[in-house]
Amino acid sequence: MFPACRAEHTLRPPRLVPELLGVRPNPFPDQGAPEPGRYSDPVPPAPPPQSSVAGGPGDRDGAEGPESSEPLEAAARTRHLDQVICEIGAEVERRRASGDLPASLESELDALFLEFSPVGLQAKSRMRQTLALVDRSAYIDLAVPVASRKVVGRSLKRLIKAGIGWYMGFVVHQIIRFGWSVSRLFHVLVDRVEDLERSVERVQDPGMPSSVVPRLDAARQWWVPEALRAMTGVGGRVLHGECGNGTFVVMLTERGIDAYGVDPDAQVGREALDSGVDLRSEPLIDHLELVEPGALAGIVLTGSVQWLPSGDRRRLVDLLSTRMSERSVLVLQSMTPEAWSTGSSPIVGDLAPGRPLHPETWIHLLQTCGFATSEVFSGGQDRRIDPVGPDHPGATSVNGAIDAVNRLLLGPEEYLVVASR
Amino acid sequence: MKVAFVTPRYGEGVIGGAETATRMLAEHLCRLPGWDVEVITSCALDRLMLANTEPEGTAVTNGVSVSRFPTAERSVREHVALDSRLRVSPSTATVGESMRWLELNGPLCPGLTDAVRESNADVVVCSPYLFATTTDSVAVSRVPVVVHPAAHDEPALYLPVFATIFRHADGFVYYTGAERALVERAFRAASKPQLVLGLGIGDPVGVGRAGGDLLGIGERPYLCYVGRVDEHKGCRMLEEYFIRYKLQRKGDLALAFVGPVSERAPSHPDIVVTGAVAEPDKWDILAGAEVMVNPSAYESFSLVLLESWSVGVPVLVNAACGATMEHCRRSGGGLWFDSYRSFEVTIDRLLTDRRMRRRLGDAGQRYVHQHFRWPTIIERYGRFLQGVSGRGRTNDPGRLSPVLGGRLTGPQKKPHPARE
């Protein structure tokens, strides 16, 4: 649960080992003394070293220091919180290692937490902590409490304990062995999962800075009339994937189409969202995973769909086949592969995890998920070279070469595929 | 624009986050020009017994027309037995079993179902998901139904009947992004119109008295918990953790449980249990606390967190609770614990670092001011309801009949006689 301390959070002088100096360590080296008279800490504090959370020594004396009047930025708040949680996590580990609580008591108290806490969505990030609980639970304490308010009761419990101790010991020994075997298996699995996670991280492309990713403003796009025509009359809900500022969603709803949009950038659609347009800030594929099968009558795909890595593209095609209804329409806009290197920003061109496909390839992929009818439209900036005039020397051969270059390398830089089933 | 809110219990005395949220939304929405708001609810106020303590009929409360219908008898014993059995593996329960669970969970109000069916509202709003009032309304309403699930990751969420109900709702309003993620993951409801709304919060109504005086502990520092004192809200865990904490630290720190007690009142010389208190008392106690602790893992919004922050008090929450964790992460106004050790260490840290407490409290206060003021909330909400109403009913409620069996059309159970 507690995030590992990151490099930027470790800008503090190396800690001396106070135990070696005969000094008990301060539980919170970064904060200083407790407020006098409020509560007594069993562990007396050591002199405060440099703080990593507060601004300087004056911040750590527990007194009401002057608070900055400027509002804390979200990033600064997050950093502060992460740092505090990190320090708390380290202190938790230190106290656990100190053994000041009997293991059985600590295990009992942790079990109490689990009893009142669901193991659901949060479990993914708590693998190691949950595993530690499994380890602790794998030990069964044979030392049955025999205390009783009545002397007879205590004697009776002792008698029972002594009488069946050998039997219980035999059984419990096997249960503990089983528990530890299972626990060991989990350790192997967790190690393996973490190895895999690290491997996946290594092969991932570096992310593109969001500032270079083009954000869609449908008001200025050539393909809008065709896309609107294609979506008119679809009988159900229409999703615009990577909808940018939501302009096209508004255009659809103005024509009576039940439309909504998703875009991974929370800021770009903020204005439309505030004015009541149904927009969600999440990645397209993540969103489609959470859509009921057959729920969508139309999907418009723009934006980074064109540069998806192959695995994501395959997943997208699978999701299109299941999430769209029997009679549905798909519109997909993309840059041509020929225009990719010159038409996109250099950073997008270099760092995008995939490359645009030819329209024929998309048609082929869409046919695999049941889209039969497809139309292709070309548009966008026309990069063709104009032919030279007839009075130009060698005009015929020059124009022949220009035609060949235009046909093979240039031409409209974008296309739109409209497919239906 | 007319809105009919459907909720199992309604009224100022009702304890329950979702029910309180419904009342607040209804009372704020009815003040908007052009909005007509009615509430359709049961005659019960108490969650556990669901006894018909309120008179049947229609009355206007704080500008809202409230129609109450008597609840049918149910067997609490049978409910507990079935619940214990189903909660082990709820997703494998049959539809029949989960329908029976729903009936036993109550309140079952045949009159309420008829009123929803015949309502002339433009949109029906139901909350929370867990009750027959919601499932029946989704099944019979002729107009679009918006559900405020108020869902948390609990066994009942996975009973098969709820998947069907979520599929047939026309829109969802969530209190937090965590709740939305949970529902969408559980029911693949992402394509439905939805809104992460939260709730608004009014100005504190404390009158500036010292919280310690109200609690009878003088100037002793104290932690406080505000809400229903219930094992399921993590109160037993908090009690035991606090007692263990005090065993190790001989100070004058106290813990106050502020709210009605469901089962057993915590008992310890350093623990104060107030029972239900008046709003000004609650605010004064809250304002005087060092830290407000919410140990519950089952929260869908947690209004009390925002109340704490609005008076600048930092919070400590259960790390397993998505909603409260989301608030803390977004605001930077609170910390969390996921074991006794982290509880102990975090309390130590919070108590010994007054500057950090203030910093957390201030961050929380800013968060509340930015996101949870009523005018903003209610404007967004009204616009969303208009949008859903404009789409019309997108699902045929008749398709739900096979799931709900003959209960909605069959003979009605005799209502429990209203108590004085």
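As the structure is a prediction and not an experimental result, all values here were calculated from the model.

What counts as what
- Residues numbered from 1 in each chain as written.
- Chains lettered and ligands numbered in written order.
- Predicted model: local features only at pLDDT ≥ 70, side-chain atom pairs only at ≥ 80, totals over all residues.
- Heavy atoms only, no water.
- Salt bridge = Lys/Arg side-chain N within 4 Å of Asp/Glu carboxyl O.
- Helix = DSSP H or I, 4+ residues; strand = E, 2+ residues; numbered from the N terminus.
- Buried < 20%, exposed > 50% of the residue type's maximum accessible area, 1.4 Å probe, protein only.
- Axes fitted to C-alpha atoms, helices over the stretch in contact; angles between N-to-C directions.
- Parallel < 35°, antiparallel > 145°, perpendicular 65-115°, else oblique.
- Left-handed = near helix turned anticlockwise from the far one by under 90°.
- Contact = heavy atoms within 4.5 Å.
- Nonpolar A, V, L, I, M, F, W, Y, C, P; charged D, E, K, R; others polar.
- Pairing = 2+ DSSP bridges.

> Would you take a moment to explain the pattern of salt bridges for this structure?
Where charged atoms from two side chains of opposite charge come close, those side chains can pair. Residues and elements named next belong to chain B. Under the definition given, this model contains 47 salt bridges over all chains. With a closest N to O distance of 3.8 Å, R23 and E27 form a salt bridge. Here R23 and its partner E27 are both found in helix α1 (residues 17-29), four residues apart, which amounts to about one turn of the helix. Relative accessible area serves as the criterion here: at 14%, R23 is assigned to the buried category. R209 serves as the salt-bridge partner of D281, at 2.6 Å between the closest nitrogen and oxygen. You can see D281 sitting in helix α10 (residues 279-288) and its partner R209 sitting in the loop between β8 (194-196) and α8 (211-215), a full 72 residues away along the chain.

> Please clarify how unusual backbone geometry should be interpreted in this entry.
Negative phi characterises most residues that are not glycine, and trans characterises most peptide bonds. Residue and element names in this part refer to chain B. Put simply, G106 and P107 share a cis peptide bond, and its omega is -10 degrees. Inspection of the secondary structure assignment puts P107 in the loop between α3 (95-105) and α4 (110-118). A cis geometry characterises the amide bond from S127 onward to P128, with omega recorded as -15 degrees. Within the secondary structure, P128 is located in the loop between β5 (123-126) and α5 (132-140). Look at N62: it is not a glycine, yet its phi comes out positive at around 50 degrees.

> Please clarify how the packing of α10(B) against helix α11 (residues 303-310) of chain B should be interpreted in this entry.
Each pair of packed helices can be summarised by the angle the axes make with each other and by the distance between the axes. Residues and elements named next belong to chain B. Put simply, α10 and α11 touch, their axes get as near as 9 Å, and they point 65 degrees apart. With respect to α11, the axis of α10 lies roughly perpendicular. For α10 against α11, the interelement crossing comes out right-handed. Between α10 and α11, the residues in contact are K282, W283 and L286 and E307, S308 and S310, respectively. Residue classes in the contact of α10 with α11 are distributed as two nonpolar, two polar and two charged.

> So what exactly am I meant to see when it comes to the sheet that holds strand β12 (residues 291-294) of chain B here?
Strand-to-strand pairing in sheets goes through backbone hydrogen bonds, with the strands running parallel or antiparallel. Residues and elements named next belong to chain B. The strand order β11-β10-β9-β12-β13-β14 describes an open sheet built from six strands, whose pairing is parallel. Where the open sheet ends on each side, the last strands, each with one partner, are β11 (271-275) and β14 (334-337). Across the sheet, the mean angle separating the axes of adjacent strands is 25 degrees when strand polarity is ignored. Here α10 sits on the sheet in contact with β9 (222-226), β10 (254-258) and β12, set at roughly 140 degrees to β9.

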